[in-house]
Amino acid sequence: MIFAIARKIHNRGAVQVTISTTSSMMVLMTSRPQCLPTAPIDFELLPRSAEVDLAGRLRVGGVDVLDAAQEFGTPLFLYDEDELRASFREAVAVFGEGVAYATKAFLTPAVARIAAQEGMSFDVSTAGEYACCRRVGVPASRLVLHGNNKQPEELRLAVEEGPQWIVVDNFDELERLTAITEELQREVNILVRANPGIEVHTHRYIATGNRDSKFGFPAWNEDANRAIEQVKKAPFLKFLGVHMHIGSFVLALDTFIKALEAAAPLFDHHHPEIFVVGGGLGMRYLNGDECPTFREWGEAITGWGRRRFPGSRILAEPGRTMVARAGITLYTVGVVQRKGGRVFVAVDGGMSDNPRPVLYGSGYEVFSASAPLALRDLTIRLVGRHCESGDTLLEEGHLPAGITVGDIVCTPVTGAYGYSMASNYNLVPRAAVVFVSGGKARITTRRETLEDLFAREVDGE
Ligand code: LLP
């Protein structure tokens, strides 16, 4: 009996396909997937454990993804647990204790538990994110409270429990927080969020370090400085440092350094212990994309910190880079329709599980989960099932020409800001989340049911 596994190993740009059988092993070298849109999916966009067996079946974390789609249904968010763990471990290795996972990227109790086990702190910006972390036993002292309009009850709870720190965003909040700490007679650690006011190249909805942003105290006038002075004077606010977050999906390392330089005079003036650079590093989403690695980003920032402020600590709050590559989404094709010179492939999800294409024009790849090594020689538009033309996952994508109704297709790099931004548009129940590791799949968030959709209705009859 022949047992064979083909594993794709990426080795400095080359793709090596190893075919092993019980009796022999051969190694086929192929060239690196080209940037041609019809090339097979680049496995560097998939979790590192992804491999393909000789029957053409894709495995992630040792789990056959077609079997997972069958067992748990689609649309399905499938995460490689080991990849998540590796990202969190790397963040702690690069920045040290206190580095916070930006939970807005993807937060369920299961991922919170894993991040906590790997030593992360957590950036939370609502009572919901706060509660999710506390629920799985994360101590308040590892929570960083964020937001440009933190609610009084959120501030109060944080002050009562003693977070790692609260990042103060504006003068109204500063006043509110001063009053709450005085009333409760409790001291709380504070970072002041400075807005460096620089050009940030990303989608304008997710740029935050520019002058037109709602976030933070301007560093280009006296506001940030005044805020720090005010914190220092408040009897129960303990000034620990300066924070900034310039935006998300930023690809140029020098933009981060420029932002740090812009806020550095505050640091020179007040000599705090901590400088937090936020998150914001981009990712590879498409075959052929180039992007600095997390380590390169971290080393550029911490290196700058060591040179410029020896003795202080530089920390970060990565979100996307922790979870994006670990997650893939599986869909079932329901319609393949040719019209007007275009092929529309409709899947059983769409803007309700991934609103990023419609919000930011974000690009993705798609491939057939049953033919992951195949050339994708058919130009298609990947659309969802929602009642508007904007419900498009890929304006122009490529799939093997044989794609047909019932096939399972996969969009990789969907681990960040997909599930966390999912909605019930058209009263579609939200998708399930499955974690895979060591050949086992475990459901961590079950699929929503129709009953769930009406669970909050008071007048349901
Ligand atoms: N720190 C703060 C204060 C943030 O607001 C964010 C993200 C992060 C850290 C993490 O940034 P990351 O490493 O994930 O880029 N929904 C958008 C992204 C919004 C980012 C919001 N803040 C998207 O899907 O691209």
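Calculation rules
Residues numbered from 1 in each chain as written. Predicted model: local features only at pLDDT ≥ 70, side-chain atom pairs only at ≥ 80, totals over all residues. Heavy atoms only, no water. Helix = DSSP H or I, 4+ residues; strand = E, 2+ residues; numbered from the N terminus. Rg over C-alpha atoms; globule rule 2.2 N^0.38 Å. Areas by Shrake-Rupley, 256 points an atom, 1.4 Å probe, with all protein chains shown as cover. Near = heavy atom within 4 Å. Polar contact = N/O pair within 3.5 Å; in protein donor to acceptor, adjacent residues only side chain to side chain. Nonpolar A, V, L, I, M, F, W, Y, C, P; charged D, E, K, R; others polar. Buried < 20%, exposed > 50% of the residue type's maximum accessible area, 1.4 Å probe, protein only. Contact = heavy atoms within 4.5 Å. Expected span 1.5 Å × (residues − 1). Phe/Tyr/Trp six-rings, centres within 6.5 Å; stacked < 30°, edge-to-face > 60°. Pairing = 2+ DSSP bridges. Core = buried A, V, L, I, M, F, W, Y, C linked by side-chain atoms within 4.5 Å. Axes fitted to C-alpha atoms, helices over the stretch in contact; angles between N-to-C directions. Parallel < 35°, antiparallel > 145°, perpendicular 65-115°, else oblique. Left-handed = near helix turned anticlockwise from the far one by under 90°.

Chemist: Would you explain the overall build of the protein in this entry?
Modeler: Scanning the protein from N- to C-terminus turns up twelve helices and 24 strands. Against the compact-globule benchmark of 23 Å for 461 residues, the protein has a radius of gyration of 24 Å, which places it among compact chains. Here the C-alpha coordinates of the protein stretch approximately 75 × 60 × 45 Å along the principal axes. A total of about 20000 Å² of accessible surface is found on the protein, and carbon and sulfur atoms cover 50% of it.

Chemist: Help me understand the site of the ligand in this model?
Modeler: Around the ligand, 18 residues are found, and the nearest of them are Ser-248, Glu-317, Arg-320, Arg-356 and Tyr-417. Here a nitrogen atom of the ligand and a side-chain polar atom of Asp-123 are 3.3 Å apart. Note that an oxygen atom of the ligand is positioned 2.9 Å from one of the backbone N or O atoms of Gly-280. Its free accessible area being 580 Å², the ligand has 90% of it covered by the protein chains. Here the residues of the shell around the ligand sort into six nonpolar, six polar and six charged.

Chemist: Would you mind going over unusual backbone geometry with me for this structure?
Modeler: Most peptide bonds are trans, and most residues other than glycine sit at a negative phi. Here the amide bond leading from Thr-74 into Pro-75 is cis, since omega sits at -10°, within 30 degrees of zero. Tracing the sequence through the fold places Pro-75 in the loop between helix H1 (65–72) and strand E7 (76–80). Of note in the backbone geometry, Tyr-417 takes a positive phi value of approximately 55° without being a glycine. Exposure remark for Tyr-417: the relative accessible area of 15% places this residue in the buried category.

Chemist: Where do I start with helix H3 (residues 109–117) in this structure?
Modeler: Because an α-helix packs 3.6 residues into every turn, residues spaced three or four apart end up facing the same way. By the burial criterion, the buried members of H3 are Ala-110, Val-111, Ala-112, Ile-114 and Ala-115. Looking at the buried side of H3, the elements it contacts are helix H2 (81–95), strand E8 (100–102), strand E9 (121–124), strand E23 (432–437) and strand E24 (440–445). Just beyond H3, the residue with positive phi is Gly-119, at close to 95°.

Chemist: What is the right way to look at helix H6 (residues 171–184) in this model?
Modeler: If you check H6, its first and last C-alpha atoms are 20 Å apart, about what 14 residues at 1.5 Å a residue would give, namely 20 Å. Two or three places before Asp-172, at the start of H6, stands the capping residue Asn-170, its side-chain oxygen 3.3 Å from that residue's backbone nitrogen. One or two steps after H6, the chain reaches Gln-185, where phi turns positive at roughly 55°.

Chemist: Any chance you could explain the packing of aromatic side chains here in plain terms?
Modeler: According to the stated counting rule, one finds 19 aromatic pairs in the structure shown. Ring geometry for Tyr-79 and Phe-435: centres 5.7 Å apart, planes at 50°, overall tilted. With a gap of 356 residues between them, Tyr-79 in strand E7 and Phe-435 in strand E23 connect regions that are remote in the sequence. Assessed through its relative accessible area of 0%, Tyr-79 is described here as buried. Residue classification places Phe-435 among the buried positions, given a relative accessible area of 1%.

Chemist: Where do I start with the pairing of strand E14 (residues 237–243) in this structure?
Modeler: Consecutive side chains of a regular strand alternate in pointing toward one face of the sheet and then the other. In terms of burial, E14 is largely enclosed, as six of its seven residues are buried. Strand direction decides the pairing type here: E14 and strand E15 (residues 274–276), joined by three bridges, are parallel. Pairing of Val-242 across the sheet is with Phe-275, part of E15.

Chemist: Would you take a moment to explain the nonpolar core for this structure?
Modeler: Note on soluble globular proteins: their nonpolar side chains tend to be buried together. In this structure, Phe-88, Tyr-101, Phe-275 and Leu-330 are the most contacted members of the largest nonpolar core, which totals 136 residues. A per-element tally of this core places helix H8 (residues 253–270) first, with seven residues. Once residues lying within four places of it in the same chain are set aside, the contact partners of Phe-88 are Tyr-101, Val-111, Ile-114, Ala-115, Glu-118, Met-120, Met-322 and Val-323.

Chemist: Just checking my understanding: could you explain the packing of H8 against helix H9 (residues 294–308) for this structure?
Modeler: Helix packing for two helices is described by the angle between their axes and how far apart those axes are. The N-to-C vectors of H8 and H9 enclose an angle of 30°; their axes lie 11 Å apart at closest approach. Considering their axes alone, H8 and H9 lie roughly parallel with respect to each other. The two elements H8 and H9 meet at a crossing, and its hand is right-handed. Touching Leu-253, Phe-256, Ile-257, Leu-260, Glu-261, Ala-264 and Asp-268 of H8 are Glu-296, Trp-297, Ala-300, Ile-301, Trp-304 and Arg-308, all from H9.

Chemist: What should I look at first to understand the packing of helix H5 (residues 152–161) against H6 in this one?
Modeler: Their axes nearest at 10 Å, the elements H5 and H6 cross at an angle of 45°. Between H5 and H6, the crossing angle belongs to the class labelled oblique. As H5 packs across H6, the resulting crossing turns out to be right-handed. On the side of H5, the interface is formed by Pro-152, Leu-155, Arg-156, Val-159 and Glu-160, while H6 contributes Glu-173, Arg-176, Leu-177, Ile-180, Thr-181, Glu-183 and Leu-184.

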